[in-house]
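Architecture at a glance
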Amino acid sequence: MAEAFGQFQYPTPPLAVFNEDVVAHYQQFLNNRRSLRPAIEYGEVTEQEWAEFEEHFEKRKVELGNCARPYGTPCQHEHACIRCPVLQVNPKMLSRLEELEKDLILRRKRAELEGWLGEIDGIDKTLTFLRAKRIEAERIKQRTAVHLGLPHVRRPQD
């Protein structure tokens, strides 16, 4: 994507988005939104509501890692997780991705022998997603932890 300034086009610089930024932005949005609504609409959370909330996040744990779908939403991909764009593969599961890839390659060979063109197309799509997930998991595995130190409170200047 490019931005136009006068007669020139400059490429848009890449944007890094961190989970903390998303959460902070969302919390700010909620606070602003709530300030516009009557306080009576915001009751205390019941034990049942809290249990449902926690259960949602427990159900997001899948074999290969974590499903990052929003709270309260069902799995739209019928648990075909490898094709799901919100699957976050745990780098510890790289060996499992290799097993899945070998199986898909064998299934593709069988589909070629049988002339199952739709099956070949589907397997190719799944292999594309699998390989992209593996690249992302390998990238995450290479990251090293960076110690940022403890934050400190700044005093307002007089």
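For clarity, every value in this text was computed on a predicted model and none was experimentally measured. (Residues numbered from 1 in each chain as written. Predicted model: local features only at pLDDT ≥ 70, side-chain atom pairs only at ≥ 80, totals over all residues. Heavy atoms only, no water.)

1. Brief notes about the overall build of the chain
Regarding its fold elements, the chain presents four helices and five strands. In sequence order, the secondary structure elements of the chain are arranged as β-β-α-α-β-β-β-α-α. Long-range pairs, those at least 24 residues apart, make up 43% of the contacts in the chain with a sequence separation of at least 6. Accessible area for the chain stands at about 13,900 Å²; split by element, carbon and sulfur atoms hold 56% of it. (Helix = DSSP H or I, 4+ residues; strand = E, 2+ residues; numbered from the N terminus. Contact = heavy atoms within 4.5 Å. Areas by Shrake-Rupley, 256 points an atom, 1.4 Å probe, with all protein chains shown as cover.)

2. Brief notes about empty space enclosed by the protein
The full count for this structure, using the stated rule, is one cavity of 30 Å³ or more. Volume-wise, the largest cavity comes out at about 70 Å³. Lining the largest cavity are 10 residues, with Val 62, Cys 67, Arg 69, Cys 75 and Cys 81 sitting closest to its centre. Split into classes, the residues belonging to the lining of the largest cavity amount to seven nonpolar, one polar and two charged. (1 Å grid on protein atoms, 1.4 Å probe; cavity = no way out; pocket = protein on both sides within 12 Å on 5 of 7 lines; lining within 4 Å. Points joined across faces, edges and corners; volume = space filled by probe spheres on them. Nonpolar A, V, L, I, M, F, W, Y, C, P; charged D, E, K, R; others polar.)

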